[in-house]
Amino acid sequence: MVEIIKEKKAIAIAVIAILLIAILLPLARCSSLSQVENEETASENDPTLSVVIPDDEEAVEVEQAIAISERQSEIISAYGSDEVELLGLLKANVWTANKDTNTIRFEENAYTESANNNSTTTSFAICGIESNTETLSGVNGESETTEDTTVTLMYEDGSYGLMHVKLIQSSSSPNPELTVNSSDFSKSKSYIRTKAANGLNVEGLNEEVKALIKNKTTELDEFLTEYCSIYYPTASVATWDQKVEANYNSNIVEMSFTLNNLGTSRIAVTYDLTYGEFGVGGM
């Protein structure tokens, strides 16, 4: 009788154990699945886990990518010296409007206008260039020369537009006025040149010529940078020709430089010992 009771207890315990396993196993599985689902949801909601951030170089490449049409590309690939020089002029200078709050920056095949922390970029190809020069003279001997260059542009959508680059040189002012304008510009219709965009490297000066200009090499760099950005915009280096003349009657030092622009131009620079100013000479 005792043995029968023991057997019944053993069977009951076994049944209870099986029931517990049957109940707990699904609960454990559900808990595991719930944890996986929570992790997946967190992964989707957490941007640090799902966004791949490119390195700086890749970001710059994406930012600088400018869409141009196949026709624009064909025109650009056929540029001659006139187009290259004009682009050099546009790229070599800083252009502003509205008291310097609006700017336009030119690149090889596009310009970017900026105002109020908002920028728009427009691609273009130069289809034609036509220049006209007019000189006006006054009764007192003063004169003003205006060179107006009309540029025909093709935009990405195949439409055309005109851009005018105007250079005004007056005998009453040592500084020329340079503007660029177009009815297609979106931020301002006209921009004025304010300064050179990049520096020009001056090379080859020896200690003798440095002494003659009173070691004003920084001022010489600035003068050549400003001058060349307008008249020789594709130049980036000015090399001294190892020629210098000092006229102590007129207190003028004159030296010549060769530029690395398309035409390998040669220019003469003067230094006034009396006033400490640089200018352009005729050596």
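The structure presented is a predicted model; accordingly, all values stated were derived computationally and were not measured. (Residues numbered from 1 in each chain as written. Predicted model: local features only at pLDDT ≥ 70, side-chain atom pairs only at ≥ 80, totals over all residues. Heavy atoms only, no water.)

Undergrad: How should the pairing of strand 12 (residues 266–272) be read in this particular structure?
TA: It is a general feature of regular strands that their side chains alternate between the two faces of the sheet. Most of strand 12 sits out of view: six of its seven residues are buried. Looking at chain direction, strand 11 (residues 252–259) and strand 12 are connected through seven bridges and run antiparallel. Bridge pairing links Glu254 to Thr270 in strand 12. The loop that links strand 11 with its antiparallel partner strand 12 comprises six residues; one of these, Thr264, has a positive phi angle of about 45°. With four bridges joining them, strand 12 and strand 13 (residues 277–280) adopt antiparallel strand pairing. For Thr270, the partnering residue across the bridge sits in strand 13 and is Gly279. The loop that links strand 12 with its antiparallel partner strand 13 comprises four residues; one of these, Gly276, has a positive phi angle of about 65°. (Buried < 20%, exposed > 50% of the residue type's maximum accessible area, 1.4 Å probe, protein only. Helix = DSSP H or I, 4+ residues; strand = E, 2+ residues; numbered from the N terminus. Pairing = 2+ DSSP bridges.)

Undergrad: Please explain the side chain of Glu113 as it appears in this structure.
TA: Its location among the elements puts Glu113 in strand 3 (residues 110–115). Lys189 provides the closest opposite charge to the buried, salt-bridge-free Glu113, at an N-O distance of 7.2 Å. There is a polar contact of 2.7 Å between the side chain of Glu113 and the backbone nitrogen of Ser186. Ignoring any residue separated from it by four or fewer positions in sequence, one finds Glu113 in contact with Thr103, Ile104, Asn118, Ser119, Thr120, Phe185, Ser186, Lys187, Ser188 and Tyr191. (Lys, Arg positive; Asp, Glu negative; His and termini not counted. Salt bridge = Lys/Arg side-chain N within 4 Å of Asp/Glu carboxyl O. Polar contact = N/O pair within 3.5 Å; in protein donor to acceptor, adjacent residues only side chain to side chain. Contact = heavy atoms within 4.5 Å.)

Undergrad: How should I be thinking about the pattern of salt bridges in this particular structure?
TA: Summed over all chains, the structure comprises six salt bridges. Arg105 is the salt-bridge partner of Glu107, the closest N and O atoms lying 3.3 Å from each other. The class for Arg105 is partly exposed, based on a relative accessible area of 47%. A salt bridge links Glu226 to Arg193; its shortest N-O distance comes to 2.7 Å. Here the residue Glu226 occupies a position in helix 7 (residues 217–231), and Arg193 occupies one in strand 8 (residues 190–196), the gap between them amounting to 33 residues. For Arg193, a relative accessible area of 15% puts it in the buried group.

Undergrad: Quick question: what am I supposed to make of the sheet that holds strand 11 here?
TA: What holds strands together in a sheet is hydrogen bonding between their backbones, with the strands either parallel or antiparallel. Spatial strand order, 9-10-11-12-13: five strands in an open sheet with mixed pairing. Strand pairing shows two members of the sheet lacking a second neighbour, strand 9 (201–203) and strand 13, which therefore form its edges. Each strand axis lies, on average, 35° off the axis of its neighbour in the sheet, ignoring direction. One ladder, built from three bridges, connects strand 9 with strand 10 (residues 237–247); its direction is parallel. Residue pairing for strand 10: Val202 is matched across the bridge by Ala238. (Axes fitted to C-alpha atoms, helices over the stretch in contact; angles between N-to-C directions.)

Undergrad: Is there a simple way to explain the side chain of Asn109 in this structure?
TA: Mapped onto the elements of the fold, Asn109 is located in the loop between strand 2 (102–106) and strand 3. Note on Asn109: relative accessible area 17%, which makes it buried. Residue contacts for Asn109: discarding those within four places in its chain leaves Ile66, Ile68, Ile76, Thr122, Ser123 and Phe124.

Undergrad: How do you make sense of the packing of aromatic side chains when you look at a structure like this?
TA: What characterises a pair of aromatic rings is the spacing of the ring centres plus the angle enclosed by the ring planes. With the rule as written, the count across this model stands at ten aromatic pairs. Ring centres 6.1 Å apart and planes at 15° place the aromatic pair Phe223 and Tyr227 in the stacked group. With Phe223 and Tyr227 both in helix 7 and four residues apart, the pair spans about one turn of that helix. An aromatic cluster is built from Trp95, Phe106, Tyr111, Phe124, Phe185 and Tyr191, whose rings are joined through pairwise contacts. (Phe/Tyr/Trp six-rings, centres within 6.5 Å; stacked < 30°, edge-to-face > 60°.)

Any functional reading would require information that these geometric values do not contain.
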